[in-house]
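# An overview of the molecular structure
Here is how the chains run, residue by residue.
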Amino acid sequence: MDEDYDVIILGTGLKECILSGLLSVAGRKVLHMDRNGYYGGESASLNLETLYEKFLPEEKVPEDLGRSRDYNVDLCPKFIMACGNLVKVLLHSKVTRYLDFKSVMGSFVYKDKKVHKVPATP
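Before going into details, it helps to say that this report is about the structure given with it. What you see is a predicted model; the values in this text were computed from it and never measured.

### A few points about helix H1 (residues 14–25)
In a regular helix each residue adds 1.5 Å, so twelve residues correspond to 16 Å; H1 covers 17 Å between its end C-alpha atoms and thus fits that length. Of all the residues in H1, the buried ones are Ile18, Ser20 and Gly21. Around the axis of H1, the buried residues are gathered within 160 degrees of arc, so they sit on the same side. In this fold, the buried residues of H1 make contact with strand E1 (7–10), strand E2 (30–33) and helix H3 (85–92). Once H1 finishes, glycine 27 follows within two positions and takes phi at roughly 95 degrees, a positive value.

Listed below in structure tokens is the structure:
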């Protein structure tokens, strides 16, 4: 890494990614790094394998749970309002090339050692 950068951003949380995208669109040369092997920092969505590596490193993912990639477990819940300012910033920064917007099909919360479905209207 003998290159010069205008900005170095550490971490891949939402704030860092938006800042990186905006600076890049503004013509800055940005180096964006994270110490983790996954994106998203403390607000990441992890598959089962990565979730077990982070929180239960001594255990293997039970095979009866199916494929690891079929799961996305959010470390913290996050919703983006469809017509909000955040969506406008994401579109302007062209970060949408690297993400997909999806409708929420269902939400679950782990509390008191149980998984609970969050009630919602369709």
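### Concerning the packing of aromatic side chains
For the structure on display, the rule yields zero aromatic pairs. Across from the ring centre of tyrosine 5, 5.4 Å away, lies the NZ or CZ of lysine 29, which sits over that ring. Sitting above the plane of the phenylalanine 55 ring, lysine 54 keeps its charged end 5.5 Å from the centroid.

### Details of the pairing of E1
Both E1 and E2 contribute to a ladder of four bridges, which runs parallel. Paired with leucine 10 across the bridge in E2 is methionine 33. With H1 bridging E1 and its parallel neighbour E2, the resulting β-α-β unit is right-handed.

### Examining the pattern of salt bridges
Where charged atoms from two side chains of opposite charge come close, those side chains can pair. Scanning the entire structure with this criterion turns up two salt bridges. The salt bridge partner of lysine 29 is glutamate 3, with a shortest N-O separation of 3.0 Å. One end of the pair, lysine 29, is in the loop between H1 and E2; the other, glutamate 3, is in the segment before E1, and 26 residues separate them in sequence. The class for lysine 29 is partly exposed, based on a relative accessible area of 38%. You can call glutamate 3 partly exposed: its relative accessible area is 48%.

### Quick look at a nonpolar patch on the surface
Taken together, the side chains of Ile8, Leu10 and Met33 make up a nonpolar region of the molecular surface, amounting to roughly 300 Å² of accessible area. Relative to the assigned elements, isoleucine 8 resides in strand E1. On the basis of relative accessible area, isoleucine 8 is assigned to the exposed category, the value being 53%.

### Points about the pairing of strand E6 (residues 114–117)
Where strand E5 (residues 108–111) and E6 come together, four bridges link them in antiparallel fashion. Note on E6: the bridge partner recorded for phenylalanine 108 is lysine 117.

Rules used throughout
- Residues numbered from 1 in each chain as written.
- Predicted model: local features only at pLDDT ≥ 70, side-chain atom pairs only at ≥ 80, totals over all residues.
- Heavy atoms only, no water.
- Helix = DSSP H or I, 4+ residues; strand = E, 2+ residues; numbered from the N terminus.
- Expected span 1.5 Å × (residues − 1).
- Buried < 20%, exposed > 50% of the residue type's maximum accessible area, 1.4 Å probe, protein only.
- Arc of directions from axis to C-beta.
- Contact = heavy atoms within 4.5 Å.
- Phe/Tyr/Trp six-rings, centres within 6.5 Å; stacked < 30°, edge-to-face > 60°.
- Lys NZ or Arg CZ within 6 Å of the ring centre and 35° of its normal.
- Pairing = 2+ DSSP bridges.
- Right-handed = clockwise from strand over helix to strand, strands pointing away.
- Salt bridge = Lys/Arg side-chain N within 4 Å of Asp/Glu carboxyl O.
- Patch = residues over 30% accessible without salt bridge, like charges linked within 9 Å, V, L, I, M, F, W, Y side chains within 5 Å.
- Areas by Shrake-Rupley, 256 points an atom, 1.4 Å probe, with all protein chains shown as cover.

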